[in-house]
Amino acid sequence: MVFIIMQGEKGEIMKNYFNSTRNKTLHTSVKDAILQGLAPDGGLYVTDKLGHTVLNLNDLLPMTYEEMAPIILSALLPGFTTNELETAVFHAYHNSFSSKEVTPVVSIDEDKNFLLELFHGPTSAFKDVALQMLPQLMSLALKNQGDKQVMILAATSGDTGKAALCGFQDVPRTGILVFYPKDGTSAIQRLQMETQEGSNTSVCALIGNFDDAQSKVKELFHSPSLQALCDEKNILFSSANSINIGRLAPQAVYYFYSYFQLVKRGKIALGDEIDFCVPTGNFGDILAGYYAKLLGLPVHKLIVASNANNVLTDFFTTGTYDRRRPFHKTLSPSMDILISSNLERLLYYMSGNDDVYTKELMDSLQENGHYTIKPSLLAKLKETFYAGYCTDEQCKQEIHTVYEEQNYVLDPHTAVGYHVMKQYQQEEKEQRPCVLLSTASPYKFCGQVYEAITGTLPEADEFALMELLSEKTNTEIPKNLSELKEKPILHNTVISKEDMDSYVLEKTKELFMKR
């Protein structure tokens, strides 16, 4: 496992670099940060230049999604050329999404609020937007690495796994291994992973929850046995989770795109502030909104929506992050998370890029299971963020109500966001437009959605339930989901987290021997 640390003459920091949130002396180029995924000390890669560049909204306004994406990404990922980013964007988004807009915006609540539909990609989840892009960025980064190969390790709470597998399928010089919690995803999410094709892909169920999988994947980056394999086989281990800056950055683009859609429709004037509500567990999707704000997008409030695993709600309310609590399996499994990794990046930026303080907090979380931030930092966070949560019963009620009143079908995660958005607007008496990020197709959770809408759950398999939901709501089943019925199960391994080291070691050898 090779970590590339770059310094200028006499130790001066290079012009464009990314450093660890926990140690500024550990810094490297953007391409190497993407290849590494995680910094060598366990921190996340950030750049202190974020916020120094403010984008010109007038220039971006008339552009399509594909036209504006390279410009926004160049501000977030300095070190890639314009031509590289334009080519990467074309390959990531051109003809790979069912909507030409990539992420279309629809009106709800009598045109008072808006849904940003992020589920039109090849796996029907918002993760596609970033995970169609990350393999392009990683391939570009590999060009200057001789004959090195990359093994992607990913933990998933539901949607990341399939999106990452789809994005990296048969990409040269890469292998990918995804871990998901056994019994911790919807049946369709599981089937999407179990049927994944590709000579460089592997999937494994883990006895435990998402936090177990994510924590263990992070530990594996520092495994001596994997280090030895890396040295012997010239392999780099990297991540497809949003801890990888190359996965996080592409998500900022759709914040800009949705804002410009409201301007073009005459709902706001250019420069007006709006709110964004984001269902989130690992804090990556909403952190991308904060990045957009730092680039000059007129964001008033970022609304953090959680389910019963409401560790983020408590944190933004009290300033104490405490993962020592019961873990709940909910109707919104992709948010069943108690360790929100990307919060570390927000704390770094909000504390004035203080790596020492950030490390203290993360050490306390690791060793004690909790930390409490300074009151002044909490006050600063509350200026931009609001947090709330939604129970399963409230989630079902929102799905039912929105369908009955607006003839729109929400998936459980978006329903959580809808509930918290309305809660915020009632508490704050806000009249400002809000964009709610709709994160997945309801057909990935057809049983839960059908039951919420009709009050009944027939004894039927997932595919029959899809048909029933389609007939009831007069909506179309995404082709990639309906086709799962005909696909054979290719991955059915189940292991404990204690066996992950040996499993990754053997699977890495196997995947790269195939190619």
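Just so it is clear, the model here is predicted, and its values are computed rather than measured.

**Q** Hey, could you go over unusual backbone geometry for me, with residue numbers and the actual values?
**A** In terms of backbone geometry, most residues other than glycine have negative phi values and most peptide bonds are trans. Positive phi values are uncommon outside glycine, yet Asn234 reaches one of about 60 degrees. Look at Asn234 and you get partly exposed, because its relative accessible area is 24%. At Asn353, a position not held by glycine, the phi torsion is positive, near 60 degrees. Summarising the element assignment, Asn353 is placed in the loop between helix 15 (343-350) and helix 16 (355-368).

**Q** Let's hear about the pattern of salt bridges: which residues, and what values?
**A** Oppositely charged side chains are able to pair whenever their charged atoms sit close together. Under the criterion given, the structure shown has 20 salt bridges. The partner of Lys444 in a salt bridge is Asp159, with the nearest N and O atoms 2.7 Å apart. One end of the pair, Lys444, is in the loop between strand 15 (434-438) and helix 20 (446-454); the other, Asp159, is in helix 7 (residues 159-168), and 285 residues separate them in sequence. Judged by its relative accessible area of 2%, Asp159 is buried. Across the salt bridge formed by Lys182 and Asp183, the nearest N and O atoms sit 3.2 Å from each other.

**Q** Just give me the short version of helix 4 (residues 82-93), but keep the residues and values in it.
**A** In this model, helix 4 (12 residues) spans 16 Å end to end at C-alpha, consistent with the 16 Å of a helix rising 1.5 Å per residue. Regarding helix 4, the residues found buried are Glu84, Leu85, Ala88, Val89, Ala92 and Tyr93. Buried residues of helix 4, viewed axially, fall in a sector of 130 degrees; they line one side. Asn95 occupies a position one or two residues after helix 4 and carries a positive phi of about 70 degrees.

**Q** Describe the packing of aromatic side chains, and please don't skip the residues or the numbers.
**A** This model, assessed by the stated rule, comprises 19 aromatic pairs. Look at Tyr65 and Tyr93: their rings are 5.6 Å apart centre to centre, the planes differ by 85 degrees, and that puts the pair in the edge-to-face class. One end of the pair, Tyr65, is in helix 3 (residues 65-76); the other, Tyr93, is in helix 4, with 28 residues separating them in the sequence. Residue Tyr93 is classed as buried on the basis of its relative accessible area, which comes to 3%. Members of the aromatic cluster, connected to one another through ring pairs, are Phe283, Tyr290, Phe315, Phe316, Tyr321, Tyr371 and Phe385.

**Q** How would you explain the pairing of strand 15 if you had to name every residue and give the values?
**A** Residues in a regular strand point their side chains to alternate faces of the sheet. Within strand 15, 5 of the 5 residues are buried, which leaves the element mostly enclosed by the surrounding structure. Where burial is concerned, the two faces of strand 15 agree: the one with Cys434, Leu436 and Ser438 and the one with Val435 and Leu437 are both buried. Two strands pair when backbone bridges link them, and strand 5 (residues 113-117) and strand 15 are joined in this way by 5 bridges, in the parallel orientation. Opposite Phe114, over in strand 15, you have Val435 as the bridge partner.

**Q** Lay out the pairing of strand 4 (residues 105-108) in plain terms, naming residues and giving numbers.
**A** Bridge count between strand 4 and strand 5: 4 bridges; the pairing is antiparallel. Bridge pairing links Ser107 to Phe114 in strand 5. Between strand 4 and the antiparallel strand that follows it, strand 5, lie 4 residues; Asp109 among them carries a positive phi value of about 55 degrees.

**Q** Help me get a handle on the environment of Val263, residues and values and all.
**A** Structurally, the position occupied by Val263 is in helix 12 (residues 253-264). Along the backbone, Val263 and Ala387 are 124 residues apart, and their C-alpha atoms lie at a distance of 26 Å. For Val263, the residues in contact, after removing those within four places along its chain, are Leu61, Ile268, Ala269 and Leu270.

What counts and what doesn't
- Residues numbered from 1 in each chain as written.
- Predicted model: local features only at pLDDT ≥ 70, side-chain atom pairs only at ≥ 80, totals over all residues.
- Heavy atoms only, no water.
- Buried < 20%, exposed > 50% of the residue type's maximum accessible area, 1.4 Å probe, protein only.
- Helix = DSSP H or I, 4+ residues; strand = E, 2+ residues; numbered from the N terminus.
- Salt bridge = Lys/Arg side-chain N within 4 Å of Asp/Glu carboxyl O.
- Expected span 1.5 Å × (residues − 1).
- Arc of directions from axis to C-beta.
- Phe/Tyr/Trp six-rings, centres within 6.5 Å; stacked < 30°, edge-to-face > 60°.
- Pairing = 2+ DSSP bridges.
- Contact = heavy atoms within 4.5 Å.

Everything listed here is a matter of geometry and, on its own, says nothing about what the molecule does.
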